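One-letter residues, chain by chain:
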Amino acid sequence: MEQAMELANSSIVWIFAVLVLFIVIFQAIKFIALATKAGKEIGMTTVEVKSALKTGSIAAIGPSFAIVIVAISLIPFLGDPLTLLRIGVIGSAPIESVGASLGANAYGTELGSSDFNVQAFTTVVWTLCLGGVGWLVFTALATRSMSKVEKKVTNKNNKSKKIMTIVTTAAMVAAFGNLASAEMVKGFEYILVVITASLTMIILTTLSNKHKINWLREWSLGISILASLFVGSLAIL
Amino acid sequence: MAINEEDIINEGYSRSSHDLAMEKFHNKAHFWGRFTLWSAIILTLLVPVYLSFILGYHPGWNIILTAFIVYAGIVAVVWILEPMMYFPILGVSGTYISFLTGNVGNMCLPSAAAAQNAIGAEPGTKKGEITATLGIGAASLVNKMFLIPIILGGSVLISVIPENIQQIFPLILPAIFGGVLAQFAIKKPIYGVIALTIGLIVNLTPLVVYIKMLLCLVLTVTICILIEKKKEAKA
């Protein structure tokens, strides 16, 4: 176990983790630059670009906090750099912990067990890295084709363009309807939180639309999260 | 190139120049997206290769394969389903960033949706895609700003937080999802009602997670299209 954790926190694992993290950060900056330029060309104002960036940042605070909490629960088993690598890239934390225990089991041990040695750790790394690469390989190979299919559909005529807008909006609502209800079936306080967040959002959006308050629109998701957490905590504590 | 531009002017300048700008943007997004994704893939795979063959801790291919096959049995469908399901929402550039930075459902999509809501851009349009890219890009950077210091600072920070406050953490996800759902339901209340009803029914069944997602998506989209068609027939 000790030897495995020494390896897990060794400088070589750190180097790889930092390099991958660097790519992720570089990509985000590169795409923001590309989108800013393209946005101006299609007639977006600087205010709109800034507002999109600001809103995206604010909306990420709540989720990031939740993600970091799960990430921390993985550190004792995977070490700092691998956790950073897995959660900083692709990483949906619950799935990573499943993969990690599967890897350990295949070697015939368990995460955190005393006989979790360097070979067991290597098995876990193989499992997580191979498993995580699946999304990246598919995205790298298929995005261009998906884009072509979409263009074919939308370029046909105005009617299919309209249907495309309905499909995207409905898909977005469906995605969150599913995510929200998966949480709601967990118990009373979860239902309470979903409803409070929804109501707060409706009130804030109505207010900001009515009085044209831009900052309120940018903060509406953040405020909804806080308000519903407050109500939820009253139910728990 | 010059001929093309002339054609575009003939067709009506403003519209086509937007199409051209978008095409240029997509081409660059494909290049940089694939470049960064493949670099990340190679670097990620180098970690186990290094541990196995340079340091000599190879556990044997049988063991690796056993673990991987079981793991792939759980996630392999999702590798393909997720990017395809979210593509219409995220667009080209959004897909590249979201799947590299991770946490698509709980962070990237909400950030994209919030950004679109803030400036009133419809998902699925040019402006919508650019806005989503800006939102997700900013979210990815903020996420790393949180992640790096906390992981470096170690678990110390979390152990300082009192236990009863820690009980609230599981509620963060339903808070995000509820808020984003309402954002859309305001524009199309009927879509929201349909999605939530189907979502609740599907989630009370013992189906596998990704089947639930797929069912909810397909059913909601189909019903919404049918409703819009009916409306059109009436009008």
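Everything here concerns the structure above.
Note that the structure is predicted; figures quoted are calculated from it, not measured.

A.B. asks: Quick one: what's the story with the interface of chain B and chain A, residue by residue and with numbers?
C.D. replies: Each partner contributes to the interface: chain B provides 141 residues, whereas chain A provides 141 residues. Note on chain B versus chain A: buried area summed over both sides is about 13,100 Å², and carbon and sulfur give 81% of it. When the buried surface of chain B facing chain A is broken down by residue, B:Tyr71, B:Leu134 and B:Ile151 rank first, second and third, together holding 6% of it. Summed over the shared surface of chain B and chain A, the result is 14 residue pairs in polar contact (both at pLDDT 80 or more). For the side of chain B that touches chain A, the elements supplying multiple residues, two or more each, are helix H2 (13-54), helix H3 (61-101), helix H4 (104-119), helix H5 (126-153), helix H8 (172-187), helix H9 (189-203) and helix H10 (209-234) of chain B. No other element matches the 31 residues that H2(B) contributes to the side of chain B that touches chain A.

A.B. asks: Explain unusual backbone geometry to me, using residue names and the numbers behind them.
C.D. replies: One non-glycine residue, A:Lys212, adopts positive backbone phi at about 55 degrees. Within the secondary structure, A:Lys212 sits in the loop between helix H8 (188-211) and helix H9 (214-236). Located in the positive-phi region is B:Asn103, a residue other than glycine, with phi close to 55 degrees. For B:Asn103, the position within the fold is in the loop between H3 and H4. A relative accessible area of 4% means that B:Asn103 is categorised as buried.

A.B. asks: Which residues make up the packing of H4(B) against H5(B), and what values go with them?
C.D. replies: All names here are of chain B. Relative to each other, H4 and H5 sit at 130 degrees, their axes nearing to 8 Å. Considered as vectors, H4 and H5 are oriented oblique to each other. In this structure, the crossing between H4 and H5 has a hand that is right-handed. Contacts between H4 and H5 involve Met-107, Cys-108, Ser-111, Ala-112, Ala-115, Gln-116 and Ile-119 from the first element and Lys-127, Gly-128, Thr-131, Ala-132, Gly-135, Ile-136, Ala-139, Ser-140 and Asn-143 from the second. Residues that form the contact of H4 with H5 fall into these classes: eight nonpolar, seven polar and one charged.

A.B. asks: Describe in detail the side chain of A:Gln27, supporting the description with residues and values.
C.D. replies: As for its position among the elements, A:Gln27 is in helix H2 (residues 11-41). A polar side-chain atom of A:Gln27 sits 3.3 Å from a polar atom in the side chain of B:Thr36. Separated by 3.2 Å, the side chain of A:Gln27 and the backbone oxygen of B:Tyr96 make a polar contact. Residues contacting A:Gln27, with those up to four places away along its chain left out, are B:Gly33, B:Thr36, B:Leu37, B:Tyr96, B:Ile97 and B:Leu100.

A.B. asks: How would you summarise the environment of B:Thr220 if you had to cite specific residues and measurements?
C.D. replies: Relative to the elements of secondary structure, B:Thr220 occurs in helix H10. The sequence separation of B:Thr220 and B:Ser16 amounts to 204 residues, and the corresponding C-alpha distance is 33 Å. Not counting chain neighbours up to four residues away, the residues in contact with B:Thr220 comprise A:Ala170, A:Ala174, B:Ile194, B:Ala195 and B:Ile198.

A.B. asks: Before we move on, could you go through the nonpolar core and cite the residues and values that matter?
C.D. replies: Ranked by internal contacts, the top residues of the largest apolar core, which has 120 residues, are A:Phe121, A:Phe176, B:Tyr86 and B:Leu109. Ranked by the residues each element gives to this core, the list is headed by H3(B), at 15 residues. With sequence-adjacent residues up to four places away left out, B:Tyr86 is seen in contact with A:Ala175, B:Phe99, B:Val104, B:Leu109 and B:Met213. Counting 16 residues, the second largest nonpolar core, distinct from the first, contains A:Leu34, B:Phe25, B:Ala121 and B:Ile130.

The rules behind these values
Residues numbered from 1 in each chain as written. Chains lettered and ligands numbered in written order. Predicted model: local features only at pLDDT ≥ 70, side-chain atom pairs only at ≥ 80, totals over all residues. Heavy atoms only, no water. Contact = heavy atoms within 4.5 Å. Buried area = accessible area lost by both parts, 1.4 Å probe. Polar contact = N/O pair within 3.5 Å; in protein donor to acceptor, adjacent residues only side chain to side chain. Helix = DSSP H or I, 4+ residues; strand = E, 2+ residues; numbered from the N terminus. Buried < 20%, exposed > 50% of the residue type's maximum accessible area, 1.4 Å probe, protein only. Axes fitted to C-alpha atoms, helices over the stretch in contact; angles between N-to-C directions. Parallel < 35°, antiparallel > 145°, perpendicular 65-115°, else oblique. Left-handed = near helix turned anticlockwise from the far one by under 90°. Nonpolar A, V, L, I, M, F, W, Y, C, P; charged D, E, K, R; others polar. Core = buried A, V, L, I, M, F, W, Y, C linked by side-chain atoms within 4.5 Å.

Read these as geometric descriptors, not functional statements.
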